[in-house]
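In case you want the letters, here they are:
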Amino acid sequence: MLTRVGPGTPMGELLRRYWMPVAASCELRNQQTRRVRLMCEDLVLFRSSAGEVALIEEHCPHRRASLFHGCVDETGIRCPYHGWKFRADGTCLETPAEPEGSTLHNRVQATTYPVQELGGLIFAYLGPPPVPLLPRFDLFVWEGGLRDIGVASLPCNWLQIMENSVDPSHLEWLHGHHLAYAREQQGQPAPTHYRKKQVKHGFDVFEYGIIKRRVVEGGSELDDDWRIGHPLVFPVMLRVGSHGQHRFQIRVPIDDTHTMHFWYAFYRPANGASVPPQDEVPVYDVPWKDERGEFLVDFVDGQDIMAWVTQGPIADRTRECLGSSDQGLAVYRNLLFEQMEVVRNGGDPLGVIRDPAKNEIIELPQEREKYGQGASFLAESMDMGHARYSPLKDELCQLFSQK
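Presented here is a report on the structure given in the accompanying data block. Because the structure is a prediction, the values reported are computed rather than measured. (Residues numbered from 1 in each chain as written. Predicted model: local features only at pLDDT ≥ 70, side-chain atom pairs only at ≥ 80, totals over all residues. Heavy atoms only, no water.)

1. Considerations on the pairing of strand β10 (residues 115-118)
Here's step 1: Pairing of β10 with strand β11 (residues 121-124), which is carried by 4 bridges, proceeds in the antiparallel orientation. By the bridge assignment, V115 is partnered in β11 with A124.
Here's step 2: The antiparallel hairpin formed by β10 and β11 contains 2 residues in its connecting segment, where G119 sits at a positive phi of about 60°. (Pairing = 2+ DSSP bridges. Helix = DSSP H or I, 4+ residues; strand = E, 2+ residues; numbered from the N terminus.)

This is the structure we're talking about:
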């Protein structure tokens, strides 16, 4: 019930009540079509010559040829096989080989889904009407900063990735002790902040998901890590960051055994340094295996991917041996079951937005001084996180070093 995401499954029906990112806007700059597989459905994303973005079933309703190879113009997309043409809403406009006066096109409708662009991402909604508002979370709409988008397609189920978000004890061990071990093996400097012992965890459900809190050794509940914390944005996002570097990690189910992972980052220095204007939000691949096919475990996100993928395509939870430190998993799983029931009963699940007044900008809680040492934590995370692969890395390092 928790892992299967196809049409008609309980989890598939829950996830279809939310907007999901499917591509970066810039990925339709030099090509007009892009294949998208989302929650077990094969689709094609295209941008018309008039600039309209649309998402349509990949296989033409006529003879099932792929519309990925279709011809795009200002009014829609034309199948390469027989020239049937479809508008962005799936309406069939032309069936060229049919006799003059044929009304066949009036009885043909391609499956399409609503899409919107926000903050350099293209989002899709695969659920039933009425379509909810696309949430305007802060990182997507803040001004005065730089953005980039990292991506990786991972061969495992979405849930084992998301459950990592409510498993704070792994930071001390995976990103502290194991990262130190892996980097020392390669003659690289070890992390300092991640190795701090965590003595207390908390998980509070709020209107958009779960607030995670922690107290590290030598700290107290007055610290940002506990007093403010940071959120799992239900159902598939994690918000992390500190000291001017803020990120969403978005885990989008491709199908039951594959997940598209987005690292969406917004950078705005706390020191007030001037940020240059940004015409386009760049997208880049985050590598997670080396040339020998071995996992890259010398950076934080590569370690996470190793832990997720090595659980198998779908983790066998019947063989788990959970302890008291796994409280967050219980909170999240119970929330998933609860919200599946809400959908089954015809309601809107947690975090679905329909009131425009609540959607001008949604400010999410986020600790500003992570581990109590914001600036030094930032420098370490830039060197030992996915941002080391960003095309903006040199620009960001210079920007954050300005006084």
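And the narrative resumes.
2. Examining the packing of aromatic side chains
Here's step 1: Using the criterion set out here, one finds 12 aromatic pairs in the structure.
Here's step 2: Centroid distance F137 to F248: 6.2 Å. Interplanar angle 70°. Geometry classified as edge-to-face. In this pair, F137 is assigned in the loop between β11 and α2 (138-141) and F248 in strand β17 (residues 245-255), connecting sequence segments 111 residues apart. F248 shares its class with F137; the two are buried.
Here's step 3: Judged by centre distance (5.4 Å) and plane angle (75°), the rings of F299 and Y389 are edge-to-face. Pair noted here: F299 is in the loop between β19 (283-285) and α6 (300-309) and Y389 is in the loop between α8 (374-384) and α9 (393-401), with a separation of 90 residues, a long-range link.
Here's step 4: Under the relative-accessibility criterion, F299 is labelled buried at 0%.
Here's step 5: With a relative accessible area of 27%, Y389 lands in the partly exposed category.
Here's step 6: One aromatic cluster in this structure is built from F123, F137, F140, F206, Y208, F248 and Y264.
Here's step 7: Between K200 and the ring centre of W226, over which it is positioned, the NZ or CZ distance is 4.6 Å. (Phe/Tyr/Trp six-rings, centres within 6.5 Å; stacked < 30°, edge-to-face > 60°. Buried < 20%, exposed > 50% of the residue type's maximum accessible area, 1.4 Å probe, protein only. Lys NZ or Arg CZ within 6 Å of the ring centre and 35° of its normal.)

3. Points about unusual backbone geometry
Here's step 1: Cis geometry is found at the peptide bond from P129 to P130, where omega equals -5°.
Here's step 2: Its place among the elements puts P130 in the loop between β11 and α2.
Here's step 3: Put simply, F234 and P235 share a cis peptide bond, and its omega is 5°.
Here's step 4: Residue position: P235 is located in the loop between β15 (230-233) and β16 (237-242).
Here's step 5: We note that M39 has phi near 50°; this positive angle belongs to a residue other than glycine.
Here's step 6: Note on placement: M39 falls in the loop between β2 (33-38) and β3 (41-47).
Here's step 7: M39 sits in the buried class, given a relative accessible area of 1%.

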